[in-house]
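Topology and contacts: notes
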Amino acid sequence: MRPRQGKKGLLMLVMAFMMVVMAACGGGSSNSNSAENQTSETQQEVTSDNENKDSTSSAPVTLTFAMQANANEIAGWTAMIDAANKKLKADGKNITIKIEKINTSTWPEYYQKVTAQIAAGKSPDLGRIAESFMPQIIKKDQALDITEMMKSLDMSKYFENTFKNAGYQDGKYYGLPSGIYYMLMYYNKDMFKAKGIAEPSHDWNNAISFSQVRDIAKQFTSGEGSKKTFGLSAGPFLSYAGGMFSLSNGGKNIFNEDLTPAIQEPATKEVYQWFDDMLRVDKSVPRPTDTKIMGGFDMFKAGRIAMAIDGTWYIGSVKNDIKNFNVGIAAIPAGKGQAYSSQFIDNFLIWKGTKHPQESWEALQAIYSKEAWDALAKTGVGGLPIHRETFDEIKQSLFGDKISAEDLDTFTKALDHTVSVPYNAFYEEADQKINAQLDTWLLGKMSVDEFLTKSTQILLETKEKTEQKAN
């Protein structure tokens, strides 16, 4: 009985299966294509989503910007970073820059702490540091080479001389200038007028000569003690006497190509001798004993110095503090016509330890936007902006009505005549040691030849010690 019932049930199952197959054959073609199309559309949507994710960078990226936390500068750099973040958002970039304050009072401390972060695998992405540290940062491979990335930067918007600072080594860029200070010659117009002496040249290509400065300085030097007036205030520091002045006299910028000292070569020795003559013979330049209570620029503000060669860090003082005489701005004195102005530039950089090099470059471009430069410039922090348009918009307000249009033009054109201090792995240490010897010469306890011999020895010994340590 059971076997018969099984055969009948099996026959019914077979018939039912055949009916299903026939039904499927009747409309199956359309249904099959529909399923395939649906699968294809789904795949296309996934592919499209992936492409969109690649092009719009779906995952947000937060970058750290290491900043030395000097209280008087925090507001300025914060304003610049805030403006850069707005620029990134407006450009559709899913990138945010977050300031990381490094609580230090000096650049060496700051660099030490950042180096410790890098060693611990917690490197910041971006940062700012003093120019003098860039050579060792580059040597230790701590900064990203941004040479290729810079091809996307429109250099015509900036003062290009400023990019050739210590962040530029062996034809490669590792940093971008974050602002600039540079040297000018301020002079007391009223003193020149009172003596009927022609004002110094405003033309950087045809500047007042060393001999002319010496002659004029002697005419303004008179009196004794705290009431004495001097013709010139200028520091014969290595970066000035061996740098900008030496170059204008046909000499070198402190070093030969192999980094051996060039300061004893004739063109540079003439510069130091010029200072020595004004110090020892004419006594038209104040010595350290004269500036012990009141510094050189303070003496200029008090009307006791006719010409003062000093930095743009004093422009606020010119605007706000000088009430009793008119100030002029001339080109730096030159040995042979064309003058140079030493520039001092801190650098933005991308730390080599970043996990987001491309996003860091996009962030740096936003920091370099006009909007960000404008925000920084309004605070007066970080030196003068190297963005040409921003500079042009603020330059009049820097001095107010204290200087003439001609003086303002001289102030601006200096930016096309700046020259970098040739920082290297041993310069900073050697410079400090040379400065420690400076007063001995200025006070007449060492001849100019002895000072140059001693300075050359310091440079050579420091260079050798640094190279041995590196090996």
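Predicted model, so just to flag it, every value in this text is computed and none were measured. (Residues numbered from 1 in each chain as written. Predicted model: local features only at pLDDT ≥ 70, side-chain atom pairs only at ≥ 80, totals over all residues. Heavy atoms only, no water.)

As for the pairing of strand 12 (residues 347–350)
In the case of a regular strand, side chains alternate between the two sheet surfaces. By the alternation rule, side chains of strand 12 split into Asn347 and Leu349 and Phe348 and Ile350, which are all buried. Bridge analysis of strand 3 (residues 126–129) against strand 12 gives 4 bridges, and the strand direction is antiparallel. Bridging from a neighbouring strand, Ile129 pairs with Asn347 of strand 12. Note: strand 6 (residues 176–177) against strand 12, 2 bridges, orientation antiparallel. Note that in strand 12 the partner of Leu176 across the bridge is Phe348. (Buried < 20%, exposed > 50% of the residue type's maximum accessible area, 1.4 Å probe, protein only. Helix = DSSP H or I, 4+ residues; strand = E, 2+ residues; numbered from the N terminus. Pairing = 2+ DSSP bridges.)

Comments concerning helix 8 (residues 266–282)
In helix 8, a bend of some 25° at Asp276 exceeds every other bend along the element. Within the span of helix 8, buried status applies to Ala267, Thr268, Val271, Tyr272, Trp274, Phe275, Asp276, Asp277, Met278, Leu279 and Asp282. The secondary structure elements touched by the buried residues of helix 8 are helix 6 (210–220), strand 8 (230–233), helix 7 (238–248), helix 15 (427–442) and helix 16 (448–470). (Bend = angle between axes of the 7 residues up to and from the residue. Contact = heavy atoms within 4.5 Å.)

Describing the pairing of strand 7 (residues 181–188)
Burial within strand 7 is extensive, with 7 of its 8 residues counted as buried. Bridge count for strand 7 against strand 11 (residues 341–344) is 2 bridges, and the pairing is antiparallel. Residue Tyr181 lies in a different strand from strand 11, and its bridge partner there is Phe344. Bridge count between strand 7 and strand 9 (residues 305–311): 5 bridges; the pairing is antiparallel. Its bridge partner lying in strand 9, Leu184 is registered against Asp310.

Side note on empty space enclosed by the protein
Once rolled over the atoms, a probe with the size of a water molecule shows which space is left empty. Taken as a whole and assessed by the stated rule, the structure comprises 1 cavity of 30 Å³ or more. Pro236, Phe237, Leu238, Tyr272, Ile434, Asn435, Leu438, Phe451 and Ser455 are the residues that line the largest cavity. Among the elements of the structure, helix 15 and helix 16 are those that each provide at least two residues to the lining of the largest cavity. The element that contributes the greatest number of residues to the lining of the largest cavity is helix 15, accounting for 3 residues. Tallied by class, residues from the lining of the largest cavity come to 7 nonpolar, 2 polar and no charged. (1 Å grid on protein atoms, 1.4 Å probe; cavity = no way out; pocket = protein on both sides within 12 Å on 5 of 7 lines; lining within 4 Å. Points joined across faces, edges and corners; volume = space filled by probe spheres on them. Nonpolar A, V, L, I, M, F, W, Y, C, P; charged D, E, K, R; others polar.)

Digging into the sheet that holds strand 12
Read across the sheet, 5 strands follow the order 2-1-3-12-6 without closing on themselves; strand pairing throughout is mixed. Strands at the two margins of the open sheet, each flanked by one partner only, are strand 2 (95–102) and strand 6. The sheet contacts of helix 11 (residues 357–367) involve strand 1 (61–68), strand 2, strand 3, strand 6 and strand 12, and relative to strand 12 the element is tilted by about 160°. (Axes fitted to C-alpha atoms, helices over the stretch in contact; angles between N-to-C directions.)

Overview of the pattern of salt bridges
What the rule picks out here adds up to 23 salt bridges. The partner of Asp91 in a salt bridge is Lys87, and the shortest N-O contact between them spans 3.7 Å. On the basis of relative accessibility, which here comes to 44%, the residue Asp91 falls in the partly exposed class. Assessed through its relative accessible area of 25%, Lys87 is described here as partly exposed. Among the ionic pairs, Asp298 bridges to Lys301, the shortest N-O distance being 3.3 Å. Here Asp298 and its partner Lys301 are both found in helix 9 (residues 296–301), 3 residues apart, which amounts to about one turn of the helix. A residue is classified by how much of its surface remains accessible, and Lys301, at 25% relative accessible area, is partly exposed. (Salt bridge = Lys/Arg side-chain N within 4 Å of Asp/Glu carboxyl O.)

Comments concerning the side chain of Asp282
Structurally, Asp282 is set in helix 8. Polar side-chain contacts of Asp282 include one of 2.6 Å to the side chain of Arg214. Excluding anything up to four places from it in sequence, Asp282 contacts Arg214, Lys218, Thr221 and Asp277. (Polar contact = N/O pair within 3.5 Å; in protein donor to acceptor, adjacent residues only side chain to side chain.)

Some remarks on the environment of Gln273
Counting through the fold element by element, Gln273 comes out in helix 8. For the pair Gln273 and Ser447, spaced 174 residues apart in sequence, the C-alpha to C-alpha distance is 9.8 Å.

Some thoughts on the layout of surface pockets
Empty space within the largest pocket amounts to approximately 970 Å³. Lining the largest pocket are 48 residues, with Gly235, Phe237, Tyr240, Asp310 and Trp313 positioned closest to its centre. Counting residues per element, the ones that place at least two in the lining of the largest pocket are helix 7, helix 8, helix 9, strand 9 and helix 15. A per-element tally of the lining of the largest pocket places helix 15 first, with 7 residues. Taken together, the residues that form the lining of the largest pocket break down as 25 nonpolar, 14 polar and 9 charged.

Considering the environment of Lys89
Note on placement: Lys89 falls in helix 2 (residues 74–90). When its relative accessible area of 69% is taken as the criterion, Lys89 is described as exposed. Taking the C-alpha atoms as reference, Lys89 lies 9.9 Å from Ala366; in sequence the two are 277 residues apart.

So, the side chain of Asp374
Following the sequence through the fold, Asp374 ends up in helix 12 (residues 370–377). For Asp374, a relative accessible area of 18% corresponds to the buried category. Polar side-chain contacts of Asp374 include one of 2.7 Å to the side chain of Lys370. Within polar-contact distance, the side chain of Asp374 engages the side chain of Thr390 at 2.8 Å. Ignoring any residue separated from it by four or fewer positions in sequence, one finds Asp374 in contact with Thr390 and Glu393.

Some words on the packing of helix 13 (residues 388–399) against helix 14 (residues 405–413)
Between two packed helices, the angle of one axis relative to the other and the distance separating the axes together describe the packing. Here helix 13 crosses helix 14 at 130°, and the two axes come no closer than 11 Å. Relative to helix 14, the element helix 13 lies oblique. Handedness of the crossing formed by helix 13 with helix 14: right-handed. Residues Phe391, Lys395, Gln396, Leu398 and Phe399 of helix 13 form the contact with helix 14, whose participating residues are Leu408, Phe411 and Thr412. When its residues are assigned to classes, the contact of helix 13 with helix 14 shows 5 nonpolar, 2 polar and 1 charged. (Parallel < 35°, antiparallel > 145°, perpendicular 65-115°, else oblique. Left-handed = near helix turned anticlockwise from the far one by under 90°.)

In short, shape yes, function no, at least from these values alone.
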